[in-house]
Amino acid sequence: MAADPQMGSSGGGATFVISGKGGAQDARPVGGMGALYGPMAAELGCALHLSRPVRQITQDADGVTVTADGTAVRARRTIVAIPLAVATSIAYEPLLPVDRALLHQRMPSGAVIKISVIYDEPFWRADGLSGQSAAPGTPATLTIDACTDTANPGIMCVITEGPAARRLTNLDESERKAVVIGELADRFGNKAKAAREFHEQNWTIERYSGGGMISHAPPGVLTEFGYTLREPCGRIHWAGTESSAIMCGWIDGAIRSGERAAAEVMAAETTSAAIT
């Protein structure tokens, strides 16, 4: 569900972002995200290299060399589509323009944990509840009904952010589960205690996520350095949800950014060929 590009902000405004029916929380891909990236991965075949973290990107007048663990790839141009905080771990030769390098240093990813609590059925619906709740600062900052198109099993998505996520990370697995289930029981009743499964996605401790699903900009960062979010640095082009003008921070924005960066590369190569 995409925001209207004519609306004033990236996500279409606060109402759209937090709304269920007709809003940003309205739908999810049938088959999960694998339904999107699976066919692309299959088409790429052996050209897709997994578990090969990039260490260095070197560019010259003729192209770029991307050096990763155990391999190096030569191309005319490259697209970097990773969180800004993680992009600082790559060595760039020559160095990136100073404003772009400073942007990387100033947009951290924060701390976010996403938890899926599985029940036999979405009991909250029978109780006349939407499943959506918000309690900033608690171990369950936000809850959302995350059931699939089949309705059963019941899936309650719990998102914990900021200091609460850091505190939750310091607990052991059983303690985290008990705390989160306790929060759900307080909001949705004792039926919430009958969880069948408990799955955690802790972006805070993932090396290649940087802490969350979006980098955030403290005051003044976008005013000073925001113009570099989408501006190519020679033969290096930038994608990633943070660089999307629409639905920044969402998968919708990430896909849009990839399409935009790919169009940039093709246009640049067409121009280069015409000049040659």
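Attention here is on the structure that accompanies the text. (Residues numbered from 1 in each chain as written. Predicted model: local features only at pLDDT ≥ 70, side-chain atom pairs only at ≥ 80, totals over all residues. Heavy atoms only, no water.)

1. Some points on the sheet that holds strand β5 (residues 91-93)
An order of β3-β2-β1-β5 is seen for the 4 strands of this open sheet, with the pairing classed as mixed. What marks the edges here is a single partner per strand, and that holds for β3 (71-75) and β5. In this sheet, neighbouring strand axes are inclined to one another by 15° on average, regardless of whether the strands run parallel or antiparallel. Note: strand β2 (residues 64-68) against β3, 5 bridges, orientation antiparallel. What sits directly across from Ala68, in β3, is Thr71. (Pairing = 2+ DSSP bridges. Helix = DSSP H or I, 4+ residues; strand = E, 2+ residues; numbered from the N terminus. Axes fitted to C-alpha atoms, helices over the stretch in contact; angles between N-to-C directions.)

2. A word on the side chain of His237
Of note, His237 is situated in strand β11 (residues 236-238). Classification of His237 by relative accessible area gives buried; the value is 3%. There is a polar contact of 3.2 Å between the side chain of His237 and the side chain of Arg77. If sequence neighbours within four positions are ignored, His237 has contacts with Arg77, Thr78, Ile79, Val80, Pro232, Glu264 and Val265. (Buried < 20%, exposed > 50% of the residue type's maximum accessible area, 1.4 Å probe, protein only. Polar contact = N/O pair within 3.5 Å; in protein donor to acceptor, adjacent residues only side chain to side chain. Contact = heavy atoms within 4.5 Å.)

3. Digging into the pairing of strand β1 (residues 54-59)
The pairing of β1 with β2 spans 5 bridges and is antiparallel. Across the sheet, residue Gln56 finds its bridge partner in β2, namely Thr67. Taken together, β1 and the strand that follows it, β2, pair antiparallel across an intervening segment of 4 residues. For β1 and β5, the ladder comprises 3 bridges, and the chain directions are parallel.

4. Some words on the environment of Asp145
Residue placement: Asp145 occurs in strand β8 (residues 142-145). Spatially, the C-alpha atoms of Asp145 and Gly131 are 5.0 Å apart, while their sequence positions differ by 14 residues. In this structure, Asp145 is in contact with Trp124, Arg125, Ser130, Gly131, Ile155 and Met156, ignoring residues within four places of it in sequence. A polar atom in the side chain of Asp145 sits 2.9 Å from the side chain of Trp124. In terms of polar contacts, Asp145 uses its side chain to reach the backbone amide nitrogen of Cys147, at 3.0 Å.

5. Focus: the sheet that holds strand β9 (residues 154-161)
What the 5 strands build is an open sheet, ordered β7-β8-β9-β6-β10; its pairing is antiparallel. Edge positions in the open sheet fall to β7 (133-134) and β10 (197-202), since each of these has one partner strand only. In the sheet, β8 pairs with β9 via 4 bridges, with the strands oriented antiparallel. When the bridges of β9 are listed, Leu142 appears paired with Ile159. Set on the sheet, helix α6 (residues 162-169) makes contact with β6 (112-119), β9 and β10; between it and β9 the angle comes to about 105°.

Any functional reading would require information beyond the geometric quantities listed.
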